[in-house]
Amino acid sequence: MKSESNLEKVLSAGHFAFTGELGPPRGTNAEEVRKKAAFLKGNVDAVNITDNQTAVVRMSSWAASLILIQEGLEPNFQMVCRDRNRLAMQSDILGASAHGIKNMLCLSGDHQSFGDHPMAKSVFDIDSIQLIGMVKQMRDEGTFLSGNKLDEPPKMFIGAAANPFAEPYEWRALRLAKKIAAGADFVQTQCIYNMDRFREFMKRAVDMGLTEKCYILAGVTPLKSVGMAKYMAGSVPGMDVPDELIERVKGAGKGKAAEEGIKIAVEQIQEFKEMEGVAGVHLMAIEWEHRVPEIAKMAGVLPRPVV
Amino acid sequence: MIVAKRKPFDEIKDFLKDYKKVLTAGCGTCVAVCLAGGEKEVSVLNAELDMARRLDNKPIELGAITIERQCDREYLEALDSMVEGYDAVLSLACGAGIQFLAERYPEKPVFPGVDTTFIGVNQDVGWYEERCRSCSSCVLGMTAGICPVTMCAKGLYNGPCGGTNKGSCEISKDQPCAWYMIYERLSKQNRLDNILKITPVQDWQNQKPRTVIQPGYKTSENSAEK
Ligand code: SF4
Ligand code: SF4
């Protein structure tokens, strides 16, 4: 075991993993974190804690991760390259590990121009692939990026993101291979709406032998409304929402879009359970944590394995 | 070339509010080519300043000179005799030229008349685009001649990021994704191998002032290259 995290144990025991997501509050409201966590407890194996998502300032991801640990959940601590240089990253990794954080997701981070401080200076001292490599080096070699020895390596289960939908498509699996070569133990994908394209991506990943080296968790975000579907399709970079899907949500009729969105998500999860190479699902129910229990139940992923 | 743009007029006017005799110094190289600080821009700016100060009932006496390069002592020398006669100097050279001028006349207040913006190319008359951040360790050989430091909004060495959007960068549909272009060009040249490998963490060399002494010009006096 690399980290002894619950997520690692679930995956290595061959169970179909189910992870959730929680966005920290825009203030010191720890109660808010606890409230959201309560909906996820027992329904997911680990919870991604986003790191200043969309470049909007929020409670730091490691701090919100600690609240989750207090509540008896396992966090997946997200770290972006936008806000920290290699010194700050390494010290946060050490601190996170010392406090019992065992999963990390290494990301580039949305450009600051999207956020609430658009004129901030970004860091990008290292990029997400280099970050993966750095965490692996700290864990497996017990050294800092500088090569100097560290006292007690951080035992992290290392995660990466993958976007199967961004052009050029031929590059997607190659980039995934690069992240795995850097040291990713698991991958969570961008929200999937275009199932055809995702099937192709998975086939390529399986053919390349990538699914033998790394666990791939398929990203699912239920569509709450027609407006959200259109927004995802038109305004979120790298997102691929087919027109048929927007039509389907629209067709559900007034007041029923959310139910239809959940139904679609459940169908997706059921297909992922059968899809070759898919090791689990990452459910990003943004500001919809309270719907996670029913989605998990409908998708048949409960009870979560105790390992 | 180095591309600059003229500072807002009010900012320049405010710099000079306490001075009655000012020398406006243009530079005949990069900033002249990019139409920000050459001879013509010096005379236009002086005319505006003259007019504005007259309207304020605070006339100003303005001198004008444009030298070949303010970043070169050989040419700066031409200013020595002139500068003395003025209360302040307004330089329209790039940031480097302005500093070299200020260093030469430490008693004299020197003000910037332009905002130095980037190292770039001339797309069309009056239209310039950034291309290089002078990182001191050029990777264009690996990236098919497209600079990831400058042209990728996140300066990634292992791109593209997940935000790449049908050939555009996540920051705007009008901004091409550098890594999309790098992929396309390398792929056409059959050189994708270049980016299949992981590019290791950079040793940043632009985090302190840099000095270059070309081989053959090193002496005991000029310190070792930093
Ligand atoms: S890599 Fe980019 S910033 Fe660095 S020297 Fe080359 S062109 Fe300039
Ligand atoms: S979309 Fe392309 S250019 Fe923009 S930040 Fe990502 S990799 Fe860089």
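Everything quoted here is computed from the prediction, not taken from an experiment.

K.L.:
Please set out the interface of chain B and chain A residue by residue, giving values where relevant.
P.N.:
With 28 residues of chain B at the interface, the matching set in chain A holds 29 residues. Summed over both partners, the interface of chain B with chain A comes to about 2,500 Å²; 57% of that surface belongs to carbon and sulfur atoms. Sorting the residues of chain B by area buried against chain A places B:Lys154, B:Tyr183 and B:Val201 first, and these three jointly supply 23% of that buried surface. Summed over the shared surface of chain B and chain A, the number is zero salt bridges. At the junction of chain B and chain A, the tally comes to 16 residue pairs in polar contact (both at pLDDT 80 or more).

K.L.:
Go over the packing of helix 5 (residues 128-141) of chain A against helix 6 (residues 169-182) of chain A, please, and point to the residues and values.
P.N.:
All names here are of chain A. Two numbers describe how helix 5 lies on helix 6: the axes approach to 8 Å, and their chain directions differ by 25 degrees. With respect to their mutual orientation, helix 5 and helix 6 come out roughly parallel. Counting all contacts with helix 5, which are made through Ser128, Ile129, Ile132, Gly133 and Lys136, the residues of helix 6 involved are Arg175, Lys178, Lys179 and Ala182.

K.L.:
Tell me about the site of ligand 1, residues and numbers included.
P.N.:
The environment of ligand 1 is made up of B:Cys132, B:Arg133, B:Ser134, B:Cys135, B:Cys138, B:Val139, B:Leu140, B:Cys147, B:Val149 and B:Thr150. Classifying every residue of the shell around ligand 1 gives seven nonpolar, two polar and one charged.

K.L.:
Pulling in residues and values, what's your account of the side chain of A:Lys36?
P.N.:
Residues and elements named next belong to chain A. One can find Lys36 in helix 2 (residues 30-40). In this structure Lys36 comes out as buried when scored by relative accessible area, which is 7%. If sequence neighbours within four positions are ignored, Lys36 has contacts with Leu22, Gly23, Glu287 and Glu289.

K.L.:
Pulling in residues and values, what's your account of the domain arrangement of chain B?
P.N.:
Taken domain by domain, chain B comprises domain 1 (2-118) and domain 2 (135-196). A separation of 38 Å is found between the C-alpha centroids of domain 1 of chain B and domain 2 of chain B.

Parameters at a glance
- Along each chain, residue indices are assigned from 1 in the same order as the chain's sequence is written.
- Chain letters and ligand numbers both follow the written order, the letters beginning at A and the numbers at 1.
- A pLDDT threshold of at least 70 governs which residues receive local features in this predicted model, and a stricter bar of 80 or more applies before side-chain atom pairs are shown or counted, although totals over entire chains, interfaces and linings include all residues.
- Only heavy atoms go into the side-chain values, all of them from the structure, while hydrogens and water stay out.
- Any two residues whose heavy atoms approach within 4.5 Å at even a single point are treated as in contact.
- Once two parts are brought into contact, the accessible area they lose, counted with a 1.4 Å probe and summed over both, makes up the buried area.
- What counts as a salt bridge is simple: a side-chain nitrogen of Lys or Arg found within 4 Å of a carboxyl oxygen of Asp or Glu.
- Pairs of N or O atoms are called polar contacts if they sit within 3.5 Å, as long as, within protein, a hydrogen donor faces a hydrogen acceptor (for residues adjacent in sequence, only side-chain-to-side-chain pairs).
- Lines fitted to C-alpha atoms define the axes, with helix axes restricted to the stretch in contact, and inter-axis angles between N-to-C directions lie between 0 and 180 degrees.
- The way it works is that DSSP assigns letters per residue, a run of H or I at least four long becomes a helix, a run of E at least two long becomes a strand, and they are numbered from the N terminus.
- Orientation categories follow fixed angle ranges, with anything under 35 degrees roughly parallel, anything over 145 roughly antiparallel, 65 to 115 roughly perpendicular, and all other angles oblique.
- Note on definitions. A residue lies near a molecule or strand when any single heavy atom of the residue is within 4 Å of it.
- Residue classes follow a fixed rule: Ala, Val, Leu, Ile, Met, Phe, Trp, Tyr, Cys and Pro count as nonpolar, while Asp, Glu, Lys and Arg count as charged, and any other residue, Gly among them, counts as polar.
- Only protein chains enter the accessibility calculation, which uses a 1.4 Å probe; a residue is then buried when its area is under 20% of its type maximum, exposed when over 50%, and partly exposed in between.
- Boundaries of every domain are those given by an automatic assignment or by a domain database.

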